[in-house]
Amino acid sequence: SGSGKSHIAMASGEPSGCVVASAQSDSVTIGTTNHYRVHLKYSRGEGPTSIFIKTQGRLGKRLLLSTMGLLTPETLFQGSVERVPMETPEVFAAAINRAKLDSLIVMEDLALRGATMNIVTKPFPVERIYRGLDQLARLHGEYWNAVPSTLRGVEPWKMLFGWRTLALLGGL
């Protein structure tokens, strides 16, 4: 939790005029990446009542993702100006620290729109899987062999060192 004042920049890249008076974080969800829901109170202006923050996980996972070329593409993609034909959260900020193999994405808390978060121990309803596959198919169909330069972090997939190592260990 923090009580210092800070300015929040909205997706347009321009300061919204909001001043955050306090921020209270829920417990962190640790996985391949770490997720935080942060509840905000404002001393001036209006903004979202909560945001969702995603950072890279533990060092071992960051090293593995780095060797596989997967450390920065999501952050670059989420920070792109290009709108994609897929429902995505509004991104307020995205940053990469290559020296520490870390990244940060500050985005809209989709729970405020009624979205339910994935719980790894509970199966998805089949309809939700169909909707996700449909969105991914539209995304790939839109950009197949024609990725605009404004869509940063998206490149043709390559079998990098980390993937080759996993393939060898898996007997592929």
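Basis of the calculations
Residues numbered from 1 in each chain as written. Predicted model: local features only at pLDDT ≥ 70, side-chain atom pairs only at ≥ 80, totals over all residues. Heavy atoms only, no water. Helix = DSSP H or I, 4+ residues; strand = E, 2+ residues; numbered from the N terminus. Contact = heavy atoms within 4.5 Å. Buried < 20%, exposed > 50% of the residue type's maximum accessible area, 1.4 Å probe, protein only. Polar contact = N/O pair within 3.5 Å; in protein donor to acceptor, adjacent residues only side chain to side chain. Patch = residues over 30% accessible without salt bridge, like charges linked within 9 Å, V, L, I, M, F, W, Y side chains within 5 Å. Areas by Shrake-Rupley, 256 points an atom, 1.4 Å probe, with all protein chains shown as cover. Salt bridge = Lys/Arg side-chain N within 4 Å of Asp/Glu carboxyl O. Pairing = 2+ DSSP bridges. 1 Å grid on protein atoms, 1.4 Å probe; cavity = no way out; pocket = protein on both sides within 12 Å on 5 of 7 lines; lining within 4 Å. Points joined across faces, edges and corners; volume = space filled by probe spheres on them.

K.L.:
Account for the overall build of the protein chain, with residues named and values stated.
P.N.:
Per the secondary structure count, the protein chain includes four helices and seven strands. Once local pairs closer than 6 in sequence are excluded, the contacts in the protein chain between residues at least 24 apart make up 48%.

K.L.:
Help me get a handle on the environment of aspartate 109, residues and values and all.
P.N.:
Looking at the element boundaries, aspartate 109 is found in the loop between β7 (102-108) and α3 (126-143). Note on aspartate 109: relative accessible area 2%, which makes it buried. Separated by 72 residues in the primary sequence, aspartate 109 and arginine 37 have C-alpha atoms spaced 7.3 Å apart. At a separation of 2.6 Å, a polar atom in the side chain of aspartate 109 contacts the side chain of serine 50.

K.L.:
With reference to specific residues and values, describe the environment of isoleucine 96.
P.N.:
Its place among the elements puts isoleucine 96 in strand β6 (residues 91-97). The exposure class of isoleucine 96 is partly exposed, given its relative accessible area of 29%. For the pair isoleucine 96 and threonine 72, spaced 24 residues apart in the sequence, the C-alpha separation amounts to 7.1 Å. With residues up to four places along the chain from it excluded, the contact list for isoleucine 96 reads Thr72, Thr75, Leu76, Asp102 and Ser103.

K.L.:
Can you lay out a nonpolar patch on the surface for me, pointing to particular residues and giving the numbers?
P.N.:
Where nonpolar side chains cluster on the molecular surface, the patch consists of Phe124, Val126, Ile129, Tyr130, Leu133 and Leu136 and spans about 570 Å² of accessible area. Secondary-structure assignment places phenylalanine 124 in the loop between β7 and α3.

K.L.:
So what's going on with the side chain of glutamine 56? Residues and values would help.
P.N.:
Mapped onto the fold, glutamine 56 is located in strand β5 (residues 50-56). Here the side chain of glutamine 56 touches leucine 71 through a polar contact of 3.3 Å, landing on its backbone oxygen. At a separation of 2.8 Å, a polar atom in the side chain of glutamine 56 contacts the side chain of serine 103. Beyond its immediate sequence surroundings of up to four residues, glutamine 56 is in contact with Thr32, Thr33, Asn34, Arg62, Leu65, Leu71, Leu101, Asp102 and Ser103.

K.L.:
Account for the pairing of β5, naming residues and giving values.
P.N.:
By the criterion of burial, β5 is predominantly enclosed, with seven of the seven residues buried. With seven bridges connecting them, strand β4 (residues 33-44) and β5 associate as antiparallel partners. Looking across to β5, one finds that histidine 39 is bridged to serine 50. Joining the antiparallel neighbours β4 and β5 is a turn of five residues, in which glycine 45 adopts a positive phi near 80 degrees. In the sheet, β5 pairs with β7 via five bridges, with the strands oriented antiparallel.

K.L.:
Kindly report on the layout of surface pockets, identifying the contributing residues and their values.
P.N.:
In this structure, the second largest pocket occupies an estimated 330 Å³ of space. Lining the second largest pocket we find 16 residues, and of these Gln78, Gly79, Ser80, Arg83 and Val91 sit closest to its centre. Sorting the residues of the lining of the second largest pocket by element identifies α2 (73-78) and β6 as the ones contributing at least two each. Looking at the lining of the second largest pocket, the element that brings in the most residues is β6, giving four residues.

Worth remembering: the numbers are spatial, not functional.
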